[in-house]
Amino acid sequence: MLFVVVPGRARAGEPAPGGQWVDDSEAVDERSGDHVDRSPGTVSTPAEVPDEPSSPAAKPTSQTSTANADSSPAPTPIEQTAPRDWRAQWPVAPEQEPSAKPPEKRRRLPRFRRSEVLERPRADPSQTPLAATESEVSENIAAILAAYPGERIDMIDAREQQREAIEEAPGRAHRFLPLPSIRSEPLVGLTIGGSLTYAYRKPQASYNRVYLLLLARVSTRRVHEYRGDLEVRDVFGRQELFQLGLSMRLDPVFPYYGVANHSDLRGGVPFDARLYTSRVNTTGGYFRYQHRIINSRRGVWRALVGYAFYRDKIRPSPGSLLFHERPQDLGTTRRGTLQAGVTWDSRDNTWNPHRGSAHDLNITVATPWLGSTATWARLSGNARFFVPLGIPDLVLATRIGIDGLVGATEDLPLTALGQFGDLPGREGFGGATIGRGFIRRRFIGRYKALLSSELRFDAFEISVRDRPLALGIKAFVDVARVSDKLVPEFRDFEISGGPGLFIVINRFAVVRMDVGFSREFAAMYVLGSHAF
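Since this is a predicted model, take the numbers as computed values, not measurements.

The next subject is the overall build of the chain. Counting its secondary structure elements, the chain contains seven helices and 20 strands. Considering the chain as a whole, with its 532 residues, one finds that 46% of them fall into the buried category. With the model as given, the accessible surface of the chain reaches about 26,800 Å², and the carbon-plus-sulfur share is 59%.

The next thing to look at is a positive patch on the surface. Together, Arg 311, Lys 313, Arg 315 and Arg 334 give the surface a local cluster of positive charge. Ranked by residues supplied to the positive patch, first place goes to strand 9 (residues 300-316) with three residues. Topologically, Lys 313 is positioned in strand 9.

Turning next to the pairing of strand 10 (residues 331-345). Pairing of strand 9 with strand 10 involves 15 bridges; the strand directions are antiparallel. Residue pairing for strand 10: Tyr 310 is matched across the bridge by Arg 335. In the sheet, strand 10 pairs with strand 11 (residues 356-366) via nine bridges, with the strands oriented antiparallel. In the strand pairing of strand 11, Gly 341 is matched with Asn 362.

Among the secondary structure elements, Gly 497 is positioned in strand 18 (residues 493-505). A C-alpha to C-alpha distance of 5.5 Å links Gly 497 and Phe 517, two positions 20 residues apart in sequence. What Gly 497 contacts, discounting residues up to four positions off in sequence, is Arg 436, Phe 476, Val 477, Val 515, Gly 516 and Phe 517.

Glycine aside, residues mostly have negative phi, and peptide bonds are mostly found in the trans state. The phi dihedral of Gln 239 is positive, around 55°, even though this residue is not glycine. Of note in the backbone geometry, Ala 260 takes a positive phi value of approximately 55° without being a glycine. Structurally, the position occupied by Ala 260 is in the loop between strand 7 (241-255) and strand 8 (277-295). Here Ala 260 falls in the buried class, since its relative accessible area comes to 15%.

Bringing the pattern of salt bridges into the picture now. Counted under the stated rule, the structure contains 29 salt bridges. Among the ionic pairs, Asp 229 bridges to Arg 227, the shortest N-O distance being 2.6 Å. Since its relative accessible area comes to 16%, Asp 229 is described here as buried. Arg 227 sits in the partly exposed class, given a relative accessible area of 28%. It is possible to trace a salt-bridge network through shared partners that takes in Arg 217, Glu 225, Arg 227, Asp 229, Arg 249, Asp 251, Glu 427, Arg 440 and Arg 441.

Let us look at the packing of aromatic side chains. By the definition in use, this model includes twelve aromatic pairs. When the ring of Phe 242 is compared with that of Tyr 289, the centres are 4.8 Å apart and the planes differ by 45°; the resulting orientation is tilted. Of this pair, Phe 242 sits in strand 7 while Tyr 289 sits in strand 8, and the two are 47 residues apart along the sequence. Assessed through its relative accessible area of 24%, Phe 242 is described here as partly exposed. Aromatic pair Phe 438 and Phe 443: ring centres 5.1 Å apart, planes at 80°, arrangement edge-to-face. As far as burial versus exposure is concerned, Phe 438 and Phe 443 are alike and both buried. Taken together, the ring pairs in this structure connect Tyr 257, Phe 271, Tyr 276 and Phe 521 into an aromatic cluster.

On to the pairing of strand 11, then. A regular strand carries its side chains on alternate faces of the sheet. In this structure, strand 11 lies alongside strand 12 (residues 376-389), joined through eleven bridges in antiparallel fashion. The residue bridging Asn 362 from the neighbouring strand is Ser 380, located in strand 12.

As a further point, take the environment of Val 218. Within the secondary structure, Val 218 is located in strand 5 (residues 210-219). C-alpha of Val 218 to C-alpha of Ser 181: the two residues are 37 residues apart in sequence and 9.7 Å apart in space. Other than its neighbours up to four places away in sequence, Val 218 contacts Leu 190, Thr 191, Ile 192, Val 223, His 224 and Tyr 226.

With respect to the helices, strands and loops of the structure, His 354 is situated in the loop between strand 10 and strand 11. Engagement of the side chain of His 354 in a polar contact is seen with the backbone oxygen of Asn 352, the distance being 3.1 Å. Side chain to side chain, His 354 and Asp 458 meet in a polar contact 2.6 Å long. Apart from the residues within four sequence positions on either side, His 354 is in contact with Asp 348, Phe 386, Val 387, Pro 388, Pro 392, Asp 393, Val 395 and Asp 458.

It is worth spelling out the nonpolar core at this point. Core analysis: the biggest nonpolar cluster contains 20 residues, and Tyr 256, Tyr 257, Trp 376, Leu 405 and Leu 414 have the highest contact counts within it. Breaking this core down by element, the ones donating at least two residues are helix 6 (321-325) and helix 7 (414-417). Looking at this core, the element that brings in the most residues is helix 7, giving three residues. Aside from chain neighbours lying at most four places away, what touches Trp 376 is Arg 335, Thr 337, Thr 364, Val 365, Ala 366, Leu 405, Val 406, Asp 411, Leu 412, Pro 413 and Ala 416. Counting residues in hydrophobic clusters, the runner-up holds eight residues, among them Phe 420, Ile 434, Phe 443 and Ala 480.

Below, the discussion takes up the environment of Arg 512. Examined against the element boundaries, Arg 512 turns out to sit in strand 19 (residues 509-517). Given the relative accessible area of 1%, Arg 512 is considered buried. Along the sequence, Arg 512 and Leu 471 sit 41 residues apart, while their C-alpha atoms lie 9.8 Å from each other. Setting aside chain neighbours within four positions, we find Arg 512 in contact with Ala 432, Thr 433, Arg 436, Lys 474, Leu 501, Phe 502, Tyr 525, Val 526, Leu 527, Ser 529, His 530 and Ala 531. Looking at Arg 512, its side chain comes within polar contact range of the main-chain oxygen of Ser 529, at 2.4 Å.

Within the chain, residue pLDDT values average 75, and 66% of them lie at 70 or more. Of all helices and strands in the chain, the one with the weakest mean pLDDT is helix 3 (residues 111-119) (40), whereas strand 12 scores best (94). Predicted confidence is poor over residues 1-72, with pLDDT under 50, and the contacts of this stretch with residues over four places away or in other chains come to 153 contacts. The low-confidence segment residues 108-132 (pLDDT under 50) makes 41 contacts with residues lying over four places distant or belonging to another chain.

Moving on, we come to a nonpolar patch on the surface. On the surface, Ile 293, Ile 294, Trp 301, Val 342, Leu 361, Ile 363, Val 365 and Leu 379 cluster together to form a nonpolar patch covering roughly 680 Å² of accessible area. The element best represented in the nonpolar patch is strand 11, accounting for three residues. Inspection of the secondary structure puts Val 342 in strand 10.

The rules behind these values
Residues numbered from 1 in each chain as written. Predicted model: local features only at pLDDT ≥ 70, side-chain atom pairs only at ≥ 80, totals over all residues. Heavy atoms only, no water. Helix = DSSP H or I, 4+ residues; strand = E, 2+ residues; numbered from the N terminus. Buried < 20%, exposed > 50% of the residue type's maximum accessible area, 1.4 Å probe, protein only. Areas by Shrake-Rupley, 256 points an atom, 1.4 Å probe, with all protein chains shown as cover. Patch = residues over 30% accessible without salt bridge, like charges linked within 9 Å, V, L, I, M, F, W, Y side chains within 5 Å. Salt bridge = Lys/Arg side-chain N within 4 Å of Asp/Glu carboxyl O. Lys, Arg positive; Asp, Glu negative; His and termini not counted. Charge placed at Lys NZ, Arg CZ, Asp CG, Glu CD. Pairing = 2+ DSSP bridges. Contact = heavy atoms within 4.5 Å. Phe/Tyr/Trp six-rings, centres within 6.5 Å; stacked < 30°, edge-to-face > 60°. Polar contact = N/O pair within 3.5 Å; in protein donor to acceptor, adjacent residues only side chain to side chain. Core = buried A, V, L, I, M, F, W, Y, C linked by side-chain atoms within 4.5 Å. pLDDT = per-residue confidence, 0-100.

Structure, rendered in structure tokens:
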């Protein structure tokens, strides 16, 4: 049963501020001078105070008032709802003189309400208007309960006070998170480094207004990676999104196993032999702008435009597979591209979503006048869904993607053949994000399709120095089709999967550990974000 505290008169013998239960069995109306019955179980509201009578005949007698009070049914709870400024709208009745007759029976208030009443300052009747009708009191109660359906009034009050305390707390909008970066991936080795993450997020907001990531790490296989990514949202109040990134990667063990090569490589040359590896150094950056075009209650549609430029310097090992199959890639290759498309985002949290979806459809064009070595194009589409299964902490995350390259085979860059063109671009199929369980960039080709699914469960959450720390477990499966032909064949499909753990720090930084198994390989990955 929902009890709603409404303003009333003070109990006999002790004046108290408005907004509490009244238990005296009889009180005196200071306007009329008559006695009004206050039997146990009734609630006094400002609606019971009659307006100033226009004539003596309109003034009720004490016997009439008592009879009406005894025969009237008990008030029923009002199940309606309320703005956040409900305290300011809550009517408070002026204080009454204590009744000469002591109450017959007192109803004890719940402990939490009694403490709140005693701690709150006395209301000033001259500053607070008195609701004169029962409909006004009902509207105020309904407004409060509407914002919190199915909750008790005491719980509503506690939540409002907690929300105000969080919003008033200084410095909580800025979050700095320096972390050591330790990751492991086959053909890269153990990578050690560090990262600094900065996020500006308003209290109670579900997204970061500003997000900055600075990262530097080096692996035992001499792979160097340096990166900086900046994301700024809602600068002009139109839910727009600016993205800027710069990166440099020095990779002396860049793999190449052939284009659309699905033959079983087990029992032959080791995956990290010089036959399959080359030195590739990549430097460059990107800029993207997303402008809101449609805003609904469920999410935001944005138009996307961006430019990216990367420079690849490829030096294959003498006698390697890349040296014999793709000599056109030797030397320096430039990738200057212009990107355009649309995006949809309704996720409740960008870094660890529990519900919503994120989709993108974009086309990328590379030509010499954009700074590219050759002319080619890419069409890519991706859909990501996050669905809670019964409870909020159990989430089914699914990603579906397609990717196709257009252009002459000899003009297609080696790096583009092994990437999915989503936002952001990822290597695959094979590696830490797509095709976990296969060696990095195991399958590359002109046409790619992907289905990846993860069952994530946030097991528990603790607080470490006032910062939430959540531990979760998951199981995943990756299925992909990579081919050099538009019409697929059965052998073009590959599957891998396994279990994993993840940690969510301060609800915006994720560290995950996945163990993937495939028909050729098994590997463990430790990285700093979800796969999607």
